[in-house]
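Now for the letters of each chain:
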Amino acid sequence: DTAVSQTPKYLVTQMGNDKSIKCEQNLGHDTMYWYKQDSKKFLKIMFSYNNKELIINETVPNRFSPKSPDKAHLNLHINSLELGDSAVYFCASSPWVQQNEQFFGPGTRLTVL
Amino acid sequence: QQQVKQSPQSLIVQKGGIPIINCAYENTAFDYFPWYQQFPGKGPALLIAIRPDVSEKKEGRFTISFNKSAKQFSLHIMDSQPGDSATYFCAASKGIGKLIFGTGTRLQVFP
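For the structure given in this document, a descriptive report is provided here. (Residues numbered from 1 in each chain as written. Chains lettered and ligands numbered in written order. Predicted model: local features only at pLDDT ≥ 70, side-chain atom pairs only at ≥ 80, totals over all residues. Heavy atoms only, no water.)

1. A few points about the state of the cysteines
Residue and element names in this part refer to chain B.
Now for step 1: This model, assessed by the stated rule, comprises 2 disulfides over all chains.
Now for step 2: There is a disulfide in this structure between C23 and C90, and the S-S distance comes to 1.9 Å. In this structure the cystine formed by C23 and C90 twists about its S-S bond by roughly -95°; its chirality is therefore left-handed. Placement of C23 in strand β3 (residues 20–25) and of C90 in strand β9 (residues 86–92) is noted, with a sequence separation of 67 residues between them.
Now for step 3: Residue C23 is classed as buried on the basis of its relative accessible area, which comes to 3%.
Now for step 4: You can call C90 buried: its relative accessible area is 0%. (Disulfide = S-S within 2.5 Å. Helix = DSSP H or I, 4+ residues; strand = E, 2+ residues; numbered from the N terminus. Buried < 20%, exposed > 50% of the residue type's maximum accessible area, 1.4 Å probe, protein only.)

2. Looking at the interface of chain A and chain B
Now for step 1: Taken together, the contacts link 20 residues of chain A with 21 residues of chain B.
Now for step 2: Interface of chain A and chain B: buried area, both sides summed, is about 1700 Å²; carbon and sulfur atoms make up 56% of it.
Now for step 3: Sorting the residues of chain A by area buried against chain B places F42(A), L43(A) and N100(A) first, and these three jointly supply 31% of that buried surface.
Now for step 4: Linking chain A to chain B there are 1 salt bridge.
Now for step 5: The shortest N-O distance in the salt bridge between K98(B) and E58(A) comes to 3.0 Å.
Now for step 6: Counting across the chain A and chain B interface gives 4 residue pairs in polar contact (both at pLDDT 80 or more). (Contact = heavy atoms within 4.5 Å. Buried area = accessible area lost by both parts, 1.4 Å probe. Salt bridge = Lys/Arg side-chain N within 4 Å of Asp/Glu carboxyl O. Polar contact = N/O pair within 3.5 Å; in protein donor to acceptor, adjacent residues only side chain to side chain.)

Shown next as structure tokens:
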């Protein structure tokens, strides 16, 4: 299946831990994104990479660090997790940076205890 | 600062009804206006999108109406079905693909 996939689907962890979420797309797209959806379902962009290069970096704590090893993968590492980081994180991709049709992954529900 | 305002927050209609969801934006530089549909536990899925050079776009039972002068756009769902029950998000962007989302509308369609 051609799609955007994320692992894991669920992540439960203690405050202060470090965790990573992985994203892969096999759509051949150049641009990938991370979004955060909070408990009120509000969706907000965090980062965007175009062909492994960071192009959007919203006001996100520097505990969050994205990494793109190649244009098909975009991972999100979070250090020193806090209660407020609990949310659903979505990865998305689009064909190229100025083509705004974005395809979303299934999400990773992060719960920080 | 909420750049895209969406209403209503929730909407209940009977099967066959025509729910209408409205969005208003502030930034006149926005040039792409998509609607996304999200089912519980799933990621948002692109439903339909419009650019400001047209006033209406139809895809199947879904229609976007766009009013550039009023800086508003809306989603109409014709002949709504229980399977359309989901949360709908409008969004807007300019240039480099940074989507600004509305706050979402939870639609329930009863048989």
